[in-house]
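Chain and residue survey
Okay, here's what each chain looks like letter by letter:
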Amino acid sequence: MKKLIIGIDISAETLDLCLKTGDGETFEVIENEIPAIKKFFKKFKNYDEIVVAMENTGRYNWNLYEVLEQFTFSVYVLNPLHLKKSMGLMRGKNDKIDAERIAHFIERNAQDCELWQPSSEAMKKLKVLLTERKSKVKLKTSLLQQKKNYKSITGIGLDKMLLKINEQEIKMLNEHIKFLEQEMEKVIKSDAELNAKSILMQSIPGVGKVLTWMVLAKTDNFQMIDSARKLACYSGVVPFDHQSGTSLKYRPKVSPFADKTLKSTLHLGAMSIIKLENDLAKYYQRKVSAGKNKMLVLNNVRNKIIHLIFAVLKSGRKYENNHQNHLAVS
């Protein structure tokens, strides 16, 4: 059986490819453009099995995704951190070497990785819009920081002019963010399944629109991450043991390997919960009153939010406050 493994290192303008067969390895570089990618993959009609692997680089993957939907290859999209940690001690780095390492990694570890599945049209739009919103929010945060710094240049008389420009840019970004959020709501409402899930999720205290959009996008509509335990681990809210033998034993703590954006949004949701009147707020107050560390209990609230999301989706019923749910009150 003729098998071909293709490792792809992705950049904004080019794709470095390592083609691995039983006869050895060859390397190519093509443009990161749909026509060039399509032309490249059409060459391989004589292979019984083709495996394609790449890192997840966000928007730079989009052209590859669009083309690969048209083929029946086994496709893997790898977490860059997973790949980096698996390589051990490395010396030297360039795009060609990275493509080769990706090919070698998937040859050894394909059985432990999940196959990539194409997203629905609605999910594609939601992911793109969410990425754009994140970019605008980051710019706004930077401008707000600049605004504070203008106080230090009042002596040279430029502060008022720069402050005016800054405020105009912030106003424009606010309008863009609002527009992107409205578009995401349109996308959600245009898809019956996504709309139903969105309504159920937002019935949970602390789960607003932004967290809903983020969970749907990060899980690919719960296609890539299909359990509360997996999402909690991905979000970095699960404590892990840290011990070795009998002499080293530390209290469990969360891992730094997590999606920081999702974790911070979950944190904001948890912070809003404990200020309101609901089951999770009562849980927080009871544990803190019993002497538990506040951040530990807050992390538990973040974890419970994730489990409640999966609970309401599984039951198909909205969250009920004061309902005797062990996730909320235990």
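Scroll up to find the structure.
Here goes a summary of the coordinates provided.

Some points on the pattern of salt bridges
On inspection of all chains with the given rule, the structure shows 15 salt bridges. One salt bridge connects K209 with E185, and the closest N-O pair in it is separated by 4.0 Å. Placement of the pair is K209 in helix α8 (residues 209-218) and E185 in helix α6 (residues 159-190), with a sequence separation of 24 residues. The structure contains a network of salt bridges with shared partners spanning E114, D226 and K230.

Thoughts on α8
Within α8, seven of the ten residues are buried, which leaves it mostly tucked inside the rest of the structure. Taken residue by residue, α8 has L211, T212, W213, M214, V215, L216 and A217 as its buried positions. Phi turns positive, to about 55°, at D220, one or two residues after α8.

Brief notes about the pairing of strand β2 (residues 14-21)
With respect to burial, β2 is a largely interior element, six of its eight residues being buried. In terms of strand pairing, strand β1 (residues 3-10) meets β2 through six bridges, oriented antiparallel. Within β2, the residue paired with I5 across the bridge is K20. What sits between the antiparallel neighbours β1 and β2 is a turn of three residues. In the sheet, β2 pairs with strand β3 (residues 24-31) via eight bridges, with the strands oriented antiparallel. By the bridge assignment for β3, T14 is matched with E31. Connecting β2 to the antiparallel partner β3 that follows it, the hairpin turn spans two residues.

What about the packing of α6 against helix α7 (residues 192-201)?
One can describe the packing of α6 onto α7 by two numbers: an axis separation of 5 Å at closest approach and a directional angle of 110°. Relative to α7, the element α6 is oriented roughly perpendicular. Of the residues in α7, those touching α6 at I188, K189 and S190 are A192, L194, N195 and S198. When the residues that make up the contact of α6 with α7 are grouped by side-chain class, the tally is three nonpolar, three polar and one charged.

Concerning the pairing of strand β5 (residues 74-78)
Taken together, the five bridges between strand β4 (residues 49-55) and β5 define a ladder with parallel strand orientation. When the sheet's bridge partners are listed, V51 is paired in β5 with S74. A crossover links β4 with its parallel partner β5, the connecting element being helix α2 (residues 62-68), and its sense is right-handed.

Cut-offs and rules
- Residues numbered from 1 in each chain as written.
- Predicted model: local features only at pLDDT ≥ 70, side-chain atom pairs only at ≥ 80, totals over all residues.
- Heavy atoms only, no water.
- Salt bridge = Lys/Arg side-chain N within 4 Å of Asp/Glu carboxyl O.
- Helix = DSSP H or I, 4+ residues; strand = E, 2+ residues; numbered from the N terminus.
- Buried < 20%, exposed > 50% of the residue type's maximum accessible area, 1.4 Å probe, protein only.
- Pairing = 2+ DSSP bridges.
- Axes fitted to C-alpha atoms, helices over the stretch in contact; angles between N-to-C directions.
- Parallel < 35°, antiparallel > 145°, perpendicular 65-115°, else oblique.
- Contact = heavy atoms within 4.5 Å.
- Nonpolar A, V, L, I, M, F, W, Y, C, P; charged D, E, K, R; others polar.
- Right-handed = clockwise from strand over helix to strand, strands pointing away.

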